[in-house]
Amino acid sequence: MLTVDNMRIKMGDFSLAGDFKIASGARVAVLGPSGAGKSTLLAAIAGFQPMDSGSIRWNDTAMPKDPAARPISMVFQDNNLFPHLTVAQNVGLGLRPNLRLSSDDHARVESALTRVGLEGMGERKPAQLSGGQIARVALARVLLRDRPVLLLDEPFGALGPALKAEMLELVRTLLDETGATLLMVSHDPEDARVLCDQVVLVADGQAHTPVATDEMFASPPEVMREYLGR
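Residues numbered from 1 in each chain as written. Predicted model: local features only at pLDDT ≥ 70, side-chain atom pairs only at ≥ 80, totals over all residues. Heavy atoms only, no water.

(A) Structural view of the overall build of the chain. When helices and strands are counted, the chain shows eight helices and 11 strands. Whereas a compact globule of 230 residues would reach a radius of gyration of roughly 17 Å, the chain reaches 18 Å, a difference of no more than 12%. Counting only C-alpha atoms, the chain reaches 50 × 40 × 30 Å along its principal axes. Across the 230 residues of the chain, 50% fall into the buried class. A fraction of 67% describes how many contacts in the chain between residues 6 or more apart in sequence connect residues 24 or more apart. (Helix = DSSP H or I, 4+ residues; strand = E, 2+ residues; numbered from the N terminus. Rg over C-alpha atoms; globule rule 2.2 N^0.38 Å. Buried < 20%, exposed > 50% of the residue type's maximum accessible area, 1.4 Å probe, protein only. Contact = heavy atoms within 4.5 Å.)

This is the structure in structure tokens:
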């Protein structure tokens, strides 16, 4: 279980609070108006955003201060690939940050690339890939990290509708295989309907307790209605 316990973050005029739990294996969409703090919430869980008070726990154990030591993989909006490294090297970072890969490690990298539909593309550079292929590289690295919590900060926002639908289906398949807990920031409410069973609404300085997706859309609070344009 992922626990956000009395989290408080303050940066100038911006503040964000949260106090909720997410069951292991849940698939949670993080929705809300622009600038409300959706990415800040994910960054705090991942360990990149300091909190003024509160704690983040996984299975009742406090998260380490070092983000790399947390049981979390995170994919950012730009998919955080290094342009000077090959596809295989970018994926290999999920295993060894120093890229000193054994023959077994190289085999695992190739297997992950095949799993996400990038077989034979390991020697390409990110600039030689399409947007969808770049997103697949980021997911291949997540596969190799094999962490129980996956945070997606709108990595498919720049993709067209058909390609985004394809990527969401790939994420669903990977979650089915790994059982990972998902928190996914999106500006498209339809993403929540397609992939997630719960929604965390972030608005007015608060990351609210998760609500079932169907319930959220059937009877949204006022701020959600405004966000949806109803």
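Back to the write-up after that little detour.
(B) Representation of the layout of surface pockets within the structure. What the largest pocket holds in volume is close to 510 Å³. Met74, Asn80, Leu93, Arg141 and Arg145 are the residues nearest the centre of the largest pocket, which is lined by 21 residues in total. Those elements giving two or more residues to the lining of the largest pocket turn out to be β6 (72-75) and α4 (131-145). Approximately 190 Å³ is the volume attributed to the second largest pocket. As for the second largest pocket, its lining consists of Ala44, Gly47, Phe48, Gln49, Pro50, Met51, Ser55, Ile56, Ala62, Met63, Lys65 and Arg70. (1 Å grid on protein atoms, 1.4 Å probe; cavity = no way out; pocket = protein on both sides within 12 Å on 5 of 7 lines; lining within 4 Å. Points joined across faces, edges and corners; volume = space filled by probe spheres on them.)

(C) Up close: helix α5 (residues 161-178). With 18 residues, α5 ought to run about 26 Å at 1.5 Å a step, and its terminal C-alpha atoms sit 26 Å apart, in line with that. Residues Lys164, Met167, Leu168, Leu170, Val171, Leu174 and Leu175 constitute the buried set of α5. Down the axis of α5, the buried side of the element spans an arc of 160°, and every buried residue falls inside it. Exposed residues on α5 whose side chains face more than 90 degrees from its buried face are Ala162 and Asp176. Of the surrounding secondary structure, the elements contacted by the buried residues of α5 are β3 (27-31), α3 (103-115), α4, β7 (149-153), β8 (181-185) and α6 (189-195). Among the residues trailing α5, glycine 179 stands out with phi positive, at a value near 75°. (Expected span 1.5 Å × (residues − 1). Arc of directions from axis to C-beta.)

(D) Just the packing of α3 against α4, in detail. Axis separation between α3 and α4 bottoms out at 9 Å; the angle between their running directions is 130°. As the angle between them shows, α3 and α4 are arranged oblique. In terms of crossing hand, the pair formed by α3 and α4 is right-handed. Contacts between α3 and α4 involve Arg108, Val109, Ala112, Leu113 and Arg115 from the first element and Ala140, Leu143 and Leu144 from the second. (Axes fitted to C-alpha atoms, helices over the stretch in contact; angles between N-to-C directions. Parallel < 35°, antiparallel > 145°, perpendicular 65-115°, else oblique. Left-handed = near helix turned anticlockwise from the far one by under 90°.)

(E) Seen up close, the environment of serine 219. For serine 219, the location among the structural elements is in the loop between α7 (213-218) and α8 (222-228). Once the C-alpha coordinates of serine 219 and histidine 106 are considered, the two residues, 113 residues apart in sequence, prove to be 50 Å apart.

(F) Representation of the packing of α4 against α5 within the structure. Taken N-terminus to C-terminus, the directions of α4 and α5 make an angle of 10°; their axes are 11 Å apart at the nearest point. Our classification of the angle between α4 and α5 gives roughly parallel. Only Leu163, Glu166, Met167, Leu170, Val171, Leu174 and Thr178 of α5 make contact with α4, whose side of the interface consists of Gly132, Ala135, Arg136, Leu139 and Leu143. Grouping the constituent residues of the contact of α4 with α5 by class yields eight nonpolar, two polar and two charged. (Nonpolar A, V, L, I, M, F, W, Y, C, P; charged D, E, K, R; others polar.)

(G) Looking closely at the side chain of lysine 164. Along the chain, the position of lysine 164 falls in helix α5. Residue classification places lysine 164 among the buried residues on the basis of a relative accessible area of 13%. A distance of 3.3 Å separates polar atoms of two side chains, one belonging to lysine 164 and the other to aspartate 191. (Polar contact = N/O pair within 3.5 Å; in protein donor to acceptor, adjacent residues only side chain to side chain.)

(H) Quick peek at the pairing of β3. With five of five residues buried, β3 is to be regarded as a mostly interior element. Burial of β3 is two-sided: the residues Arg27, Ala29 and Leu31 facing one way and the residues Val28 and Val30 facing the other way are all buried. Pairing between β3 and β8: four bridges, direction parallel. By the bridge assignment, valine 28 is partnered in β8 with leucine 183. The pairing of β3 with strand β9 (residues 198-203) spans four bridges and is parallel. Residue pairing across strands places alanine 29 opposite valine 199, the latter belonging to β9. (Pairing = 2+ DSSP bridges.)

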